[in-house]
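# Topology and contacts: notes
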Amino acid sequence: DESALDELFKSSAPFDAVIHFAGLKAVGESCTQPLRYWDNNVGGSIALLKVMERYNCTNIVFSSSATVYGNVQKVPITEDFPIEATNPYGTTKLTIETLLRDVAQKTSVGDEENKWRVVLLRYFNPIGAHPSGLIGEDPNGIPNNLLPYISQVAVGRRAKLAVFGSDYDTHDGTGVRDYIHVQDLSRGHILALENAIFGSMKSSCEVYNLGTGKGYSVLDMVSAFGKACGKDIPYEMAPRRSGDVAKMFADPTKAKAELSWTAALGIDEMCSDTWRWQKNNPYGYATEQSQLQESKAG
């Protein structure tokens, strides 16, 4: 909402920078609602950038995604890998990255200097919750991502997990992904501001992978979560999903060298913190009435 953003910038003290998290992010949903994704993700980003420029706020950290690497053929993935989109969600992320590069590299007019400084953070698979158990992931409807689904099975909201694909070229046949604790992810944004935007940048637009550099399979996650919650997680094997790849994990060397960032938390903390949130909040942030309705529906 460009007018609402304008009012915010106008009524506030000057902003030094923006961290742009906002966006729709479900791959499957984007395939059925591409116009909504383009309007919200791309249109919303254009509105934000217009208002930022209007109020001379030219520093931005953008939450991008490893989905821009498309169907990778080898791992680990470095920032100079080819980029492509395989779904509308990925296309919007790639389009916003392109837009931000154009803004950062725009030609100056007269004596006007291009002051834009842009950092693109390509997340891999953020999971986990705040260690207090007070803040966690609460997806609407059926979870699209692995760990929220596992945690809802563990707390009794879902009967079992479907594991898509058992014949991949991995150590147990299930897909391998780079899972990163949301606490490490948040620290990456702070360091992107401190050490890049307000520190040293080799160019006006830099991109960094945020991942652990380690891959865990679906069954690794099932086992780790079972350990965290003290119970077995029921699951069944299912056919592969179209478009899924066997392995996808980051090379985070550049983030370590230039942002002084490395992932500090591992699979045990990711699962134990998620379970603490889910156990303390079995229906997430839902009201008692909606809890009752879902309970009756189940």
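Each remark here, short or long, concerns the structure printed above.
First things first, this report covers the structure right here in the doc.

## Considerations on the sheet that holds strand E6 (residues 176-177)
Strand order across the open sheet formed by three strands is E9-E6-E11, with mixed pairing between neighbours. At either margin of the open sheet sits one strand with a lone partner, and together these are strand E9 (216-217) and strand E11 (247-248). Here two bridges tie E6 to E9, and the two strands are oriented antiparallel to one another. Bridging across to E9, valine 176 finds its partner in serine 217.

## What to know about empty space enclosed by the protein
Counted according to the given criterion, the structure contains two cavities of 30 Å³ or more. The set of elements that each furnish at least two residues to the lining of the largest cavity consists of helix H5 (146-154) and helix H9 (267-280). In terms of residue class, the lining of the largest cavity is built from four nonpolar, four polar and one charged. Empty space within the second largest cavity amounts to approximately 30 Å³. Taken together, Glu137, Asp138, Pro139, Pro148, Ser151, Gln152, Arg157, Trp277, Gln278 and Gly284 make up the lining of the second largest cavity. Breaking the lining of the second largest cavity down by element, the ones donating at least two residues are H5 and H9. Considering each element in turn, the lining of the second largest cavity owes the most residues, three residues, to H5. Broken down by class, the residue content of the lining of the second largest cavity amounts to three nonpolar, four polar and three charged.

## Let's talk about the pairing of strand E5 (residues 161-164)
Side-chain alternation along E5 places Leu161 and Val163 on a buried face and Ala162 and Phe164 on a face that remains uncovered. When E5 meets strand E10 (residues 235-238), the two strands line up parallel, connected through four bridges. Each residue of the ladder has a partner; that of phenylalanine 164, found in E10, is alanine 238.

## Comments concerning the side chain of serine 65
Tracing the backbone shows serine 65 in strand E2 (residues 59-65). A polar contact is formed between the side chain of serine 65 and the backbone nitrogen of threonine 67, at a distance of 3.0 Å.

Conventions we followed
- Residues numbered from 1 in each chain as written.
- Predicted model: local features only at pLDDT ≥ 70, side-chain atom pairs only at ≥ 80, totals over all residues.
- Heavy atoms only, no water.
- Pairing = 2+ DSSP bridges.
- Helix = DSSP H or I, 4+ residues; strand = E, 2+ residues; numbered from the N terminus.
- 1 Å grid on protein atoms, 1.4 Å probe; cavity = no way out; pocket = protein on both sides within 12 Å on 5 of 7 lines; lining within 4 Å.
- Points joined across faces, edges and corners; volume = space filled by probe spheres on them.
- Nonpolar A, V, L, I, M, F, W, Y, C, P; charged D, E, K, R; others polar.
- Buried < 20%, exposed > 50% of the residue type's maximum accessible area, 1.4 Å probe, protein only.
- Polar contact = N/O pair within 3.5 Å; in protein donor to acceptor, adjacent residues only side chain to side chain.

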